[in-house]
Amino acid sequence: MKISSVFPWQQAVWQLLVQSRARQTMPHAFIFSGLSGVGKLHFTHAVSAWLLCQQPTALGACGQCKSCQLWQAESHPDYRFLQAMTDEKTGKTSRMIKVDQVRELVSFLNKSAQLNGYRVAVIQPADILNINAANSLLKTLEEPGANTAIILLTDQPLALLPTIRSRCQHFSLSLPSTQQAKDWLLPQLKKPEQADLLLRLTENAPLAALALQDAAGFQVRAELAQSMVAVVERKVSALQTAQQWQKNLKPEELLPALQLLLADTLLMVLGQDSAIKNSDLLPIIRVLANRLSATRLIELHGDCVESQRLVAANIQANLLLDSFWQRLQ
Ligand SMILES: [Zn+2]
């Protein structure tokens, strides 16, 4: 893994860590929280390499020592990264981190460090620890031994058990200013003119904005909005439209795109045009706003949110989407 420094918008939290290490008041259990796409994992990698490094500076890991070499080769013996497991046969990723995984981690943390420095364990994301897994982590969070860092990442800190939260020091990684986000994003975009739009659509989360430029759900927004108009105006059948879109786009991409279009249409109905995120689609959103009432938009938006929850829980998406398009009509 490459050693990199933290992003400019993460400097404040970074300085807190540097100071507490200098004063030897470093916590041993951390929660790094923040909106998806704000760069939590990037920050965690920089902190992990710096903790493990044998000659750390206030700027981060040295990049030269034995520990840093092992880090770059992704074979550091004193580092563990815990995430949901993917079944090799089905390719499906579990929705939980299970107790066996945590037990293995605890036994790693109970051994002494092979390089005589820190041992670092990262759990990503910590809000999918199931209850047994979370409970088996508690004792280690309480008495982790010297030179140990357990880092929990989450978009939703309140979804962690209070007993976990109370044993960790919480660092919230905030969003960059629009200027910081743009400065970072612009040189990396294929179409720099999309920077503002991408940041609007992702609430200014730069890594999410960067990923969005290639997302199928981003590229088909106009077409999707046109389909919505055609269905509302009864120019096409709801069922055919549902089937066509299910062929073109995964429900995980389709539902958030629909949800955002409905939210934008509602904003227009309410006269809040300046808050609309799909700011390049105003004319077509206006057509939808003339056809759908605020009440219906709120219902349909609720359907979308609920459907995403069900799809995440492995409920079949086809029926949910069929019914969505029918209700839209
Ligand atoms: Zn080093």
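Since this is a predicted model, take the numbers as computed values, not measurements. Every chain begins its residue count from 1, and numbering advances along the sequence as written. Residues qualify for local features only when their pLDDT is at least 70, as the model is predicted, and side-chain atom pairs are given and counted only at 80 or more; totals for whole chains, interfaces and linings, by contrast, use all residues.

Student: Explain the overall build of the protein chain to me, using residue names and the numbers behind them.
Tutor: Scanning the protein chain from terminus to terminus reveals 16 helices and 5 strands. Summarising its shape, the C-alpha atoms of the protein chain cover approximately 70 × 40 × 35 Å along the three principal directions. For the protein chain, with 329 residues in total, the buried portion stands at 36%. Here, residue contact means that the backbone-derived C-beta atoms of the two residues sit within 7 Å. Within the protein chain, counting contacts between residues at least 6 apart in sequence, those at least 24 apart form 72% of the total. Only runs of H or I of at least four residues qualify as helices and only runs of E of at least two qualify as strands under DSSP, and these elements are numbered from the N terminus. Our exposure labels follow a C-beta count within 10 Å of each residue's own C-beta, placed from the backbone: buried means 20 or more other C-beta atoms, exposed means 12 or fewer, and partly exposed covers the counts in between.

Student: Can you lay out the packing of helix α11 (residues 221-232) against helix α14 (residues 282-291) for me, pointing to particular residues and giving the numbers?
Tutor: Two measures define how a pair of helices packs: the angle their axes make with one another and the distance between the axes. Lines fitted to the C-alpha atoms define the axes, with helices restricted to the stretch that makes contact. Angles between their N-to-C directions range from 0 to 180 degrees. Here α11 crosses α14 at 25 degrees, and the two axes come no closer than 10 Å. With respect to each other, α11 and α14 are oriented roughly parallel. Relative to α14, the crossing made by α11 is left-handed. Facing α11, whose interface residues are Ala222, Ala225, Gln226, Met228, Val229 and Val232, α14 presents Ile284, Ile285, Val287, Leu288 and Arg291. Our angle categories are set so that under 35 degrees counts as roughly parallel, over 145 as roughly antiparallel, 65 to 115 as roughly perpendicular, and the remainder as oblique. Crossings are assigned a handedness: left-handed for a near helix turned anticlockwise from the far helix by less than a right angle, right-handed for a clockwise turn.

Student: Could you give me a rundown of the domain arrangement of the protein chain, with the residues and numbers involved?
Tutor: Either an automatic procedure or a domain database provided the assignment from which the domain bounds are taken. Partitioning the protein chain into structural domains gives domain 1 (8-172), domain 2 (178-212) and domain 3 (216-328). Taking the mean C-alpha position of each, domain 1 and domain 2 sit 28 Å from one another. With 7 residues of domain 1 in contact, the opposing surface of domain 2 contributes 8 residues.

Student: Can you lay out the packing of helix α13 (residues 251-269) against α14 for me, pointing to particular residues and giving the numbers?
Tutor: At a minimum axis distance of 9 Å, the contact between α13 and α14 shows a crossing angle of 70 degrees. Relative to α14, α13 is oriented roughly perpendicular. Where α13 abuts α14, its residues Asp264, Thr265, Met268 and Val269 lie against Ile285, Arg286, Leu288 and Ala289. Only Asp, Glu, Lys and Arg are considered charged, only Ala, Val, Leu, Ile, Met, Phe, Trp, Tyr, Cys and Pro nonpolar, and every remaining residue, Gly among them, polar. Taken together, the residues that form the contact of α13 with α14 break down as 5 nonpolar, 1 polar and 2 charged.

Student: Any details on the sheet that holds strand β1 (residues 29-33)? Residues and values, ideally.
Tutor: Strand pairing requires that DSSP identify at least two bridges connecting the strands. Read across the sheet, 5 strands follow the order β2-β3-β4-β1-β5 without closing on themselves; strand pairing throughout is parallel. With one partner strand each, in any of the chains shown, β2 (79-82) and β5 (169-172) form the two edges of the open sheet. Averaged over all pairs of adjacent strands, the angle between their axes in this sheet comes to 15 degrees, without regard to strand direction. Alignment of strand β3 (residues 119-123) against strand β4 (residues 148-154), held across 5 bridges, turns out to be parallel. Residue pairing for β4: Ile123 is matched across the bridge by Leu152.

Student: Tell me what's going on with the pairing of β4, and back it up with residues and numbers.
Tutor: On a regular strand, one side chain projects to one face of the sheet and the next to the other, so that they alternate. Across the 7 residues of β4, 7 count as buried, placing the element largely inside the fold. Here 5 bridges tie β1 to β4, and the two strands are oriented parallel to one another. Note that in β4 the partner of Ser33 across the bridge is Thr154. Running through helix α5 (residues 131-142), the crossover from β3 to the neighbouring parallel element β4 is right-handed. Every crossover in which the path from the first strand over the helix to the second runs clockwise, viewed with the strands pointing away from the viewer, is termed right-handed.

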